[in-house]
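# Examining the three-dimensional arrangement
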Amino acid sequence: MNHSHSPLSPVTFIERSARAFPEKTALTYLDKAISFSKLLDRSRRLAQALSRLHVEPGDRVAVLSENNVHAVEAHFGIPGAGAVIVMLNPWLSAADVVDLLKYSGAKVLIADKKSFQKIPAGLVAADTDVVKIMLVDGIEQQPEDGIVDYETCLENEDGHSSLEKFIKSEMDPIAINFTSGTTGRPKGVTYSHRAAYLHAVGQVMMIGLHRNSRYLWTLPMFHVNGWGHMWACMAVGCTQFVPDVSLTQGNSAEFIETIHLRKVTHLAGAPRLVRLLAEAPDKNDSLRGLTIVTGGAAPSTTLIQQLELIGVNLIHQYGLNETLGPFVVCEEQEEWKFLSPEARARMRARQGIPAIHAGTGLRVLDANGIDVPHDGRTLGEIAMSGNTVALGYYNNIEATQKAFRGGLFYSGDMAIVYPDGFLEIRDRIKDLIYVETEYGWENISSLEIENVLIQNDAVQDAAVVGVSIEIDGKPAPVLVAFLEIKESKSIDESGMRDYCLEHLSVYKRPQVFYFIELPKTNTGKVRKDILSRAAVEKLISQPIWIESMPASGVAVS
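An account of the accompanying structure is given in this report.

The number of helices and strands found in the chain is 18 helices and 28 strands. Since a compact globule built from 557 residues should have a radius of gyration of about 24 Å, the 24 Å found for the chain is in line with a globular shape. Overall, the C-alpha framework of the chain stretches about 75 × 55 × 50 Å when taken along its three principal axes. In the chain, which comprises 557 residues, the proportion classed as buried is 55%. Here the contacts in the chain between residues at least 6 apart in sequence split such that 68% fall between residues at least 24 apart. As displayed, the chain offers around 24,300 Å² of accessible surface, 50% of which is attributable to carbon and sulfur atoms.

Structure representation (structure tokens):
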């Protein structure tokens, strides 16, 4: 035992907050308030129940659930048993869920009835290592079916064991989160207790959480452990509200009313969710003073200006599964307040600089591994290192060695760095489009084009892909734009061509436009793999559309 060192783990946050604020409301779920002392008691009982089900340190325990109190408890009770949290996407197909259960080797599955109903229990028992399924909202099956009632399991324990009991090393895994898998089988990103602790503390500082904050859950808790926000909220002892998942899928009026009635101070979500609030009618001053944390995709300058006008404090962060979520923040500068709204929005749309918990572990490197000049032009790949970077990919040595090498995690995101040190993402490496111009080859960013397209007042969202098809035995490269149009607006292909003529260089103008609802993952990422395949199929079936292609062509990397 060392008097000056104990393992860092976020489970200590709930132990401390329950001592500091025992009767204060820690969490409200479906209008039922739970105090910090009660939440600690339930989390401890969960840890004991898992141990009784023969879960041992290092075992995996999966959670298949929409946002609820049980998902929060899992983030303390599972590591409290020495086990590893495996959060599963409840909107995946039954086959995908079973595949990930099998791959992770989870011994126990905690599930809500709604998410579990679509998965045959026999399939789980036959094809995975799961020996017990804990249903959180009642059971109809008999115990011999391998299904037990979550609440009954908790009632059988006394809650007297500290959650730190089985934590021996802060470098032990605390969670495995699967990537979205748009280009192949998802990879299980593994986090340590230390990384989760430091990331949570960093989020507290970066988004301004304190004990009087009131946090509304709009992020999916399964996605990167809700960006670590259940740990961050617990660290400062603030109150969390967990609404029904339908709140963010319904009308904006109900959403705004909830924010107002609950006196919400913080929420987080992708730009699409933020747009729902920014574009809502009759907002009045209901959102003034609200802090919104966004990431996953850069907010448009239009969205930033809309939020500024209604008094919302927007915090733009960037990160990946492999960095426990937010790792970079657009740190507001005092001198920006003297800029015009348009110029200020452009500055705030950039990804920014390392977050506090990231330290100095952020670089943008060229193909030779040399840091790119801070000239706002030279592209390089974002690489990260530090205390909140993942340990690697679970049971996947090849992928780990490819992405984590030389003391760095290579993100696959391409960025430029401005003279002030702020970086701006231009694209994923796989989404860069190479174009042939009169003076040679240029690599352009689909993100750059998309950012211009969504400045059009009629465009809700945009995705651009470069594809190559064969016509008469020769390659025919085409730049294709997929557009999602706002319900209250309309625009046709001719209108978009005129808009691009005014706002884009000739070799950056899409030659083909499709007006669709963009296919996305459950975490809001556009499925460009689907769009690329669809574009090729449509262009082959209707090759007349490429007649307007300019002399300078497009090639897909």
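Moving on: the side chain of T28. Note on placement: T28 falls in strand β1 (residues 25-29). Leaving out residues up to four positions away in the same chain, T28 has contacts with A33, Q240, F241, V242 and R262.

Evaluated as defined, the whole model comprises 25 salt bridges. Measuring nitrogen to oxygen at the nearest pair gives 3.0 Å for the salt bridge that ties E424 to R426. D461 is paired through a salt bridge with K520; the nearest N and O atoms lie 2.6 Å apart. Pair noted here: D461 is in strand β25 (residues 459-471) and K520 is in the loop between β27 (512-515) and α18 (528-541), with a separation of 59 residues, a long-range link. On the basis of relative accessible area, D461 is assigned to the buried category, the value being 13%. Judged by its relative accessible area of 24%, K520 is partly exposed. Linked by salt bridges that have partners in common, E279, D457, K486 and K489 make up one network.

A word on helix α10 (residues 229-236). Along α10, 8 of the 8 residues are buried, which leaves the element largely enclosed by surrounding structure. Considered for burial, the residues of α10 that qualify are H229, M230, W231, A232, C233, M234, A235 and V236.

What follows deals with helix α1 (residues 11-20). Taken residue by residue, α1 has V11, F13, I14, E15, S17 and A18 as its buried positions. Looking at the buried residues of α1, the elements they touch are α2 (36-52), α3 (69-80), α8 (193-207) and α10.

Before going further, it helps to examine the sheet that holds strand β15 (residues 325-329). In space, the 9 strands of this open sheet follow the order β2-β1-β11-β10-β12-β13-β14-β15-β16, with mixed pairing throughout. Whereas interior strands pair on both sides, the edge strands pair on one side only; in this sheet they are β2 (32-35) and β16 (353-354). Against the sheet, helix α12 (residues 271-278) makes contact with β12 (266-269) and β13 (291-294), and its axis sits at roughly 125° relative to β12, the strand it touches most.

Here we come to unusual backbone geometry. Positive phi, close to 50°, is recorded for V224, a residue that is not glycine. Take V224: it is sitting in helix α9 (residues 224-227). Residue V224 is classed as buried on the basis of its relative accessible area of 5%. If you check the backbone angles, N395 has positive phi at about 55° while not being a glycine. As for its placement among the helices and strands, N395 is situated in the loop between β19 (392-393) and α15 (397-403).

About the thresholds
Residues numbered from 1 in each chain as written. Predicted model: local features only at pLDDT ≥ 70, side-chain atom pairs only at ≥ 80, totals over all residues. Heavy atoms only, no water. Helix = DSSP H or I, 4+ residues; strand = E, 2+ residues; numbered from the N terminus. Rg over C-alpha atoms; globule rule 2.2 N^0.38 Å. Buried < 20%, exposed > 50% of the residue type's maximum accessible area, 1.4 Å probe, protein only. Contact = heavy atoms within 4.5 Å. Areas by Shrake-Rupley, 256 points an atom, 1.4 Å probe, with all protein chains shown as cover. Salt bridge = Lys/Arg side-chain N within 4 Å of Asp/Glu carboxyl O. Pairing = 2+ DSSP bridges. Axes fitted to C-alpha atoms, helices over the stretch in contact; angles between N-to-C directions.

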